[in-house]
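Examining the three-dimensional arrangement
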Amino acid sequence: MTTTTKTLVTGIQPTGRLHIGNYFGAFHQFVELQNTHESYFFIADLHAITSSEIQKDSQKFNEFINNIVLDSLALGVNPDKTCIYNQSEIPEISEIMWILSNFITVPTLSLGHAYKAAKSSKKELMFGLFAYPLLMASDILSVSADVVPVGKDQKQHLELTREIARKFNSNYKCDLLKIPGGHFCDMEEVVGTDGRKMSKSYKNTIPLFSGKENIKKSVMGIITDSKKEGEPLDPSTCTVFKYHTIFSKGALSDIEGRYKSGKINYKESKEILVDSIISYFAPFEEKRKEYENNSQLVSEILEKGTAQARGKIVEILNQIKKTVGIL
Ligand code: ADP
Ligand code: TRP
């Protein structure tokens, strides 16, 4: 593993199959940053249980976990550079969470986006969802992360993490807990097939690793306006074109010209896009197959990642305990 002064951590919830928003919003930047940081990447399975959907089918949940490990390795999370682990395999993270729960108030946690959303939709308000940001703070503070690459939607969680760390440090007049910085994706949020933010919960995703047919189905379902054949199309308002700017870079000016001169219809534009997406992710598909066929290697990667990360986390837990007076 590359050892540098800065530490990086990120987690991904196994609440479904990955989509291209996850790739550009989370993986793309992590994969770059792991080259220059001491890096930790984990499957946030304990966070995922806060989802009522996940609670409905434990077998499916287990499949999501296994798939996300393979997907992450295929997308370039590199086990030689990064500790890869399942959050639930390191019980000390939850132990740290309990101690940290004494350094954040109920009113502050009540401001959490997910909690507020559950409240306004009149869902049953479970404590796990309420405490979600606290567990995330523990994920981050337990490895003394300097940098946390996440999408902009996670900004509030990082602010809460900093608040908890400051409160703990100021209470014990120490600087034990490192105050992490964020690292937000430079790219705008990836748009979904219906024009809103791409998200599993909106069912508007273009999935990764689920075969050509599923990519095609999603792309063909992209909502467009109803211009007639031969009419010029406006690339600046077209969701299909937005994806071309990511995936069809080499052909972009040609596609743009054909949009403006009315020499392409949405169906053809979508067909080109399907091919562009497939060839963009083809190398990742290949790599995924290799891992899929070598479950022994994947287990070893997880074992090694867990042992290394746990070593560091236990050390921090012990320092926290000492600071608090329980060791
Ligand atoms: P979803 O909204 O589909 O449930 P998650 O909340 O599991 O996705 O997000 C996992 C990671 O991917 C987070 O870091 C999040 O910021 C990022 N992400 C998710 N959707 C997008 C998007 N449409 N554009 C950019 N980043 C995204
Ligand atoms: N909340 C993050 C998300 O939904 C996942 C996550 C859990 C995470 N713990 C983390 C991300 C720690 C970064 C660091 O995307």
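Per chain, the residues get numbers from 1 upward, laid out in the order the sequence is written. Working convention: letters from A go to chains and numbers from 1 go to ligands, in the order in which they are written. For a predicted model such as this one, the threshold for reporting local features is a pLDDT of at least 70, and the threshold for listing and counting side-chain atom pairs is 80 or more; totals across whole chains, interfaces and linings nevertheless cover every residue. For side-chain calculations, the full set of non-hydrogen atoms in the structure is used, while hydrogens and water are omitted.

This brings us to the overall build of the protein chain. Secondary structure assignment for the protein chain yields 14 helices and five strands. In summary, the protein chain has a C-alpha radius of gyration of 22 Å against a globular reference of 20 Å for 327 residues, a match within 12%. Expressed along its principal axes, the backbone C-alpha trace of the protein chain runs to roughly 75 × 45 × 40 Å. Any residue under 20% of the maximum accessible area for its type is buried, any over 50% is exposed, and the rest in between are partly exposed; the area is computed with a 1.4 Å probe on protein chains only. Within the protein chain, buried positions represent 49% of all 327 residues. A contact between two residues is defined here by any heavy atoms of the two lying within 4.5 Å. Within the protein chain, residue pairs in contact and separated by at least 24 positions form 78% of the contacts whose partners lie at least 6 positions apart. Comment: elements are numbered from the N terminus, with helices defined as DSSP H or I runs of at least four residues and strands as E runs of at least two. Both definitions apply: the radius of gyration is a C-alpha atom measure, and the globule rule equals 2.2 Å times residues to the power 0.38.

It suffices for a single heavy atom of a residue to lie within 4 Å of a molecule or strand for the residue to be listed as near it. Around ligand 1 there are 14 residues in total, and His19, Asp153, Val190, Ser199 and Lys200 lie nearest to it. Here a polar contact is taken to be a pair of N or O atoms separated by no more than 3.5 Å, where protein atoms must pair a possible hydrogen donor with a possible acceptor and residues adjacent in sequence count only if both atoms sit in side chains. His19 places a polar side-chain atom, nitrogen or oxygen, 2.7 Å from an oxygen atom of ligand 1. The side chain of Asn22 places a nitrogen or oxygen atom 3.1 Å from an oxygen atom of ligand 1. Calculation on ligand 1 without its partners gives an accessible area of 540 Å², and the protein chains cover 89% of this total. In the scheme used here, Gly and all other residues not listed as nonpolar or charged are polar, with Ala, Val, Leu, Ile, Met, Phe, Trp, Tyr, Cys and Pro taken as nonpolar and Asp, Glu, Lys and Arg as charged. Of the residues belonging to the shell around ligand 1, the class tally is four nonpolar, six polar and four charged. Shrake-Rupley sampling with a 1.4 Å probe provides the accessible areas, and residues are treated as covered by the protein chains on show and by no other component.

This paragraph deals with the pairing of strand E1 (residues 7-12). Here is the key point about a regular strand: its side chains alternate between the two faces of the sheet. Among the six residues that make up E1, five are buried, leaving the element largely enclosed by the rest of the structure. Taken together, E1, helix H1 (residues 20-33) and strand E2 (residues 38-43) form a β-α-β motif whose crossover is right-handed. Seen with its strands pointing away from the viewer, a crossover is right-handed when the path leading from the first strand over the helix to the second is clockwise.

This next bit is on empty space enclosed by the protein. As defined here, a cavity is a set of points on a 1 Å grid over the protein atoms alone where a 1.4 Å probe fits but cannot get out. A pocket is an open set with protein on both sides within 12 Å along at least five of seven lines, and residues line them when an atom is within 4 Å of a point. Grid points are joined across faces, edges and corners, and a volume is the space filled by probe spheres set on the points. Under the definition given, this model contains one cavity of 30 Å³ or more. Put simply, the largest cavity is a space of about 40 Å³. Contributing to the lining of the largest cavity are Leu109, Gly112, His113, Ala114, Tyr115, Leu129, Phe130, Tyr132, Pro133 and His157. The greatest single-element share of the lining of the largest cavity, amounting to three residues, is contributed by helix H6 (residues 113-120). Per-class residue counts for the lining of the largest cavity are seven nonpolar, three polar and no charged.

For the rest of this paragraph, the subject is the site of ligand 2. Around ligand 2 there are 13 residues in total, and Gln13, Tyr132, Met136, Asp139 and Gln154 lie nearest to it. At 3.1 Å from an oxygen atom of ligand 2 is found a side-chain nitrogen or oxygen belonging to Gln13. Take Gln154: an N or O atom from its side chain is 2.8 Å from a nitrogen atom of ligand 2. Within the complex, the protein chains bury 89% of what would otherwise be the 360 Å² of accessible surface of ligand 2. Those elements that place two or more of their residues in the shell around ligand 2 are E1, helix H8 (132-141) and strand E4 (147-150). Per element, the largest residue contribution to the shell around ligand 2 is four residues, and it comes from H8.

We now examine H8. Within H8, ten of the ten residues are buried, which leaves it mostly tucked inside the rest of the structure. Three or more residues of H8 are buried, namely Tyr132, Pro133, Leu134, Leu135, Met136, Ala137, Ser138, Asp139, Ile140 and Leu141.

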